[in-house]
There are 2 protein chains.
Amino acid sequence: MNAAAPQGYDPHAFEPFAVTVDLAVFTVRESRLHVLLVERGEDPYKGHWALPGGFVLPSESAGTAARRELAEETGLTEDTVPSLHLEQLGTYSEPDRDPRMRVVSVAYAALVPDLPEPRGGGDAASAQWWDAGRLGTLAFDHDLILADARARIGAKLEYTCLATAFCPPEFTLGELQQVYETVWGVELDRPNFRRKVLATPGFVQAVEGPPRRTGGRGKPAALHRAGAATALHPPLLRPEGRST
Amino acid sequence: MNAAAPQGYDPHAFEPFAVTVDLAVFTVRESRLHVLLVERGEDPYKGHWALPGGFVLPSESAGTAARRELAEETGLTEDTVPSLHLEQLGTYSEPDRDPRMRVVSVAYAALVPDLPEPRGGGDAASAQWWDAGRLGTLAFDHDLILADARARIGAKLEYTCLATAFCPPEFTLGELQQVYETVWGVELDRPNFRRKVLATPGFVQAVEGPPRRTGGRGKPAALHRAGAATALHPPLLRPEGRST
DNA sequence: CTAATAGTGTCTCTCAGACACTATGGT
DNA sequence: ACCATAGTGTCTGAGAGACACTATTAG
């Protein structure tokens, strides 16, 4: 920021950068991690699937652009989007990552509960959920971005209360455990998971009314809501795990 | 990435973004956390102190630009810079963060051992170490970037072996403990710290020769080198601590 | 000698993993 | 009756906090 710009500060005097956002939108469907992808209709990588995203407009920050794109691609109203978890992942800036011009992309990860169906109203008519475990090669460097996003989400489940972001407003502890098992790809001991979650103040709070719900057959489970806590101390480490 | 660019993809048809890198370079000096700052000689915030940084050149990725700037500002040779810890922090993109034009900045955090003196050879003649606990207001949004950087570094000490990046090639366990105490601003129990560090395979390795060294008076301490491990399992949580 | 730092040993409490067991629903 | 899921209780071992103690240097 202190060095002189090439050719000074004339905005049009040097080759400009385009700045975009790319979104890795995750959900858990049927005990599998899913990612929202769009099919490219234009030529670089035409027909390939890519992370949803778009240009940062002159009046926007990258975060604002990411929220806007998230609303467009998921078809959610502007009311519900602010409550979704959206976090900046990192910025991808290799000079040749887009063959057309110099594009620097700020990647975001978003966690949403299992939505009815994507089908956004925007230009994302082809947006679709894909099983994150059975993907082909994505456009641009989106394989790398997606891998980084999955690693980040998996690590954050260990030391934050983020898992509730994958759940509907009211959920059972079994569903919450499913989130961990799905994202980490491991099986957890139910009694121990229960003990840990309930022993962490503010992670979940029981919904008082005796209303219960089932996820098929078996005993109905008590419902919970996400609590106020965001951090998990001590962390809930994944078995055999490595972090970051 | 899928949406059409404003005015299509003509690089000069829309208002361009400049992309810069900003560096939060940390070291531990005399049991205090220090940050490398440069004094601005040009007008926006002229005379204020700022994080070192500069423009990403057309042929560079942001990471490459950050390494180049790090070498320039610290005055280190290109040989030693690759061994330093440099990690991307996040991207700052508020539309009004630079009054001159639209500048998106990718922030990096770097950890270096206590260097003789900065005095870079580049345009950073005014680069200087500042006690991170006694800073005024920095230029642009660098206060925010610096706060984020400190939070990130503090959190990463918990679950990675990063602390050795602040130490010279050979160090005593007392010096390593000083790093934790300085960054976290707490006091740790020496026997417990020792036990934890030595019980983590690959965190540090004892230097065989009986050479020892002192940090003043007292019994000389055995020397260690950084080990091959990068993650810390289980983590070394800071007392009373919160993460992230 | 004392001050200061390095290093060892030990007790206790917390907590995670393993797992046996009971409870309550659907089929 | 049987199965599947929810929920409880208990044992054990790993590890962190607290802290007493010894060892080795400078002054």
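Scroll up to find the structure.
Small disclaimer: the values here were computed from a predicted structure and weren't measured.

A.B. asks: Before we move on, could you go through the protein's contact with DNA strand D and cite the residues and values that matter?
C.D. replies: In the vicinity of DNA strand D, 21 residues are found, and the nearest of them are A:R190, A:A222, B:N192, B:R195 and B:K196. Among the atoms of DNA strand D close to the protein, meaning within 4 Å, 52% are from sugar or phosphate groups. One nitrogen or oxygen atom from the main chain of A:A222 is found 2.9 Å from a phosphate oxygen belonging to DNA strand D. Take B:K219: an N or O atom from its main chain is 3.4 Å from a base oxygen of DNA strand D. Where the surface near DNA strand D is concerned, the elements lending two or more residues are α4 (190-199) and β10 (221-222) of chain A together with α4 (190-199) of chain B. In terms of residue class, the surface near DNA strand D is made up of seven nonpolar, four polar and 10 charged.

A.B. asks: Help me get a handle on the protein's contact with DNA strand C, residues and values and all.
C.D. replies: Contacts to DNA strand C come from 20 residues, most closely from A:N192, A:R195, A:K196, B:R190 and B:A222. In DNA strand C, atoms within 4 Å of the protein come 47% from sugar and phosphate. In the environment of DNA strand C, a base oxygen lies 3.5 Å from a nitrogen or oxygen atom belonging to the backbone of A:K219. B:R190 places a polar side-chain atom, nitrogen or oxygen, 2.3 Å from a base nitrogen of DNA strand C. Elements supplying a minimum of two residues to the surface near DNA strand C: α4 of chain A together with α4 and β10 (221-222) of chain B. Its residues assigned to classes, the surface near DNA strand C comprises seven nonpolar, three polar and 10 charged.

A.B. asks: Give me the lowdown on helix α3 (residues 173-184) of chain B, citing residues and values where you can.
C.D. replies: Residues and elements named next belong to chain B. In a regular helix each residue adds 1.5 Å, so 12 residues correspond to 16 Å; α3 covers 17 Å between its end C-alpha atoms and thus fits that length. Turning to α3, its buried residues are L173, L176, Q177, V179, Y180, E181, T182, V183 and W184. Trailing α3 by a residue or two, G185 shows a phi angle of about 70°, which is positive.

A.B. asks: Could you give me a rundown of the packing of helix α2 (residues 142-159) of chain B against α3(B), with the residues and numbers involved?
C.D. replies: All names here are of chain B. Interhelical geometry of α2 versus α3 gives an angle of 140° and a closest axis separation of 10 Å. Classified by the angle their axes make, α2 and α3 are oblique. The way α2 lies across α3 gives a crossing that is left-handed. Counting all contacts with α2, which are made through I153, G154, L157 and E158, the residues of α3 involved are V179, Y180, V183 and W184. Residues belonging to the contact of α2 with α3 are distributed by class as follows: six nonpolar, one polar and one charged.

A.B. asks: Which residues make up the environment of B:D98, and what values go with them?
C.D. replies: All names here are of chain B. Inspection of the secondary structure puts D98 in the loop between β5 (85-92) and β6 (103-111). A relative accessible area of 3% places D98 in the buried class. Along the primary structure D98 and A139 are separated by 41 residues, whereas in three dimensions their C-alpha atoms are 9.6 Å apart. There is a polar contact of 2.6 Å between the side chain of D98 and the side chain of R100.

A.B. asks: Explain the state of the cysteines to me, and be specific about the residues and the numbers.
C.D. replies: Under the defined criterion, the tally for this structure stands at zero disulfides over all chains. Just so you know, A:C161 is unpaired, no disulfide at all, and the nearest cysteine sulfur is the one on A:C167, 12 Å from it.

A.B. asks: Run through the pattern of salt bridges, naming residues and quoting values.
C.D. replies: Applying the stated rule across the entire model yields 26 salt bridges over all chains. Note that A:R225 and A:E170 form a salt bridge whose closest N and O atoms lie 3.0 Å from each other. Note that A:R225 is positioned in strand β11 (residues 224-226) and A:E170 in the loop between α2 (142-159) and α3 (173-184), a separation of 55 residues in sequence. Taking the relative accessible area as the measure of exposure, A:R225 reaches 37% and is therefore partly exposed. The salt bridge partner of B:D98 is B:R100, with a shortest N-O separation of 2.6 Å. Exposure remark for B:R100: the relative accessible area of 28% places this residue in the partly exposed category. One salt-bridge network, in which partners are shared between bridges, spans A:E60, A:R68, A:E69 and A:E72.

A.B. asks: Explain the pairing of β5(B) to me, and be specific about the residues and the numbers.
C.D. replies: Residue and element names in this part refer to chain B. Burial within β5 is extensive, with six of its eight residues counted as buried. Of the strand pairs in this sheet, β5 and β6 are connected by seven bridges, and their pairing is antiparallel. By the bridge assignment, H85 is partnered in β6 with L111.

A.B. asks: Would you mind going over the environment of B:L23 in detail, with residue names and values included?
C.D. replies: Residue and element names in this part refer to chain B. For L23, the position within the fold is in strand β1 (residues 18-29). A C-alpha to C-alpha distance of 19 Å links L23 and L157, two positions 134 residues apart in sequence. If we ignore the near neighbours within four places in the chain, the residues touching L23 are L51, P52, A66, E69, L70 and Y108.

The rules behind these values
- Within each chain, residues carry numbers counting from 1 in the order of the written sequence.
- Chains carry letters and ligands carry numbers; both start at the beginning, A for chains and 1 for ligands, and go up in the order they are written.
- Under the rules for a predicted model, residues below a pLDDT of 70 receive no local features and side-chain atom pairs below 80 are neither given nor counted, while totals for whole chains, interfaces and linings still include all residues.
- Side-chain calculation: all heavy atoms of the structure are included, whereas hydrogens and water are not.
- Residues are labelled near a given molecule or strand when at least one of their non-hydrogen atoms is within 4 Å of it.
- Throughout this description, a polar contact denotes any pair of N or O atoms lying within 3.5 Å of each other; where both atoms belong to protein, one of them has to be capable of donating a hydrogen while the other can accept it, and for residues adjacent in sequence the pair is counted only when both atoms sit in side chains.
- A helix here means a DSSP run of H or I that spans at least four residues, while a strand means a run of E at least two residues long, and both kinds are numbered starting from the N terminus.
- Gly is placed with the polar residues, together with every amino acid not listed as nonpolar (Ala, Val, Leu, Ile, Met, Phe, Trp, Tyr, Cys and Pro) or charged (Asp, Glu, Lys and Arg).
- Expected helix span is taken as 1.5 Å per residue step, with the number of steps being one fewer than the number of residues.
- Only protein chains enter the area calculation, which uses a 1.4 Å probe; residues under 20% of their type maximum are buried, those over 50% are exposed, and those in between are partly exposed.
- Note on definitions: angles span 0 to 180 degrees between N-to-C directions of axes, and those axes are lines fitted to C-alpha atoms, for helices only across the stretch in contact.
- Should an angle lie under 35 degrees it is considered roughly parallel, over 145 roughly antiparallel, and from 65 to 115 roughly perpendicular; all remaining angles are considered oblique.
- For any pair of crossing helices, the crossing counts as left-handed if the nearer helix is rotated counterclockwise from the farther one by less than a right angle, and right-handed if it is rotated clockwise.
- Contact between two residues is taken to exist if any of their heavy atoms lie within 4.5 Å; hydrogens are not considered.
- In plain terms, two cysteine sulfur atoms within 2.5 Å form what is called a disulfide here.
- What makes a salt bridge here is a side-chain nitrogen of Lys or Arg within 4 Å of a carboxyl oxygen of Asp or Glu, nothing more.
- The pairing criterion for strands is at least two bridges between them, as found by DSSP.

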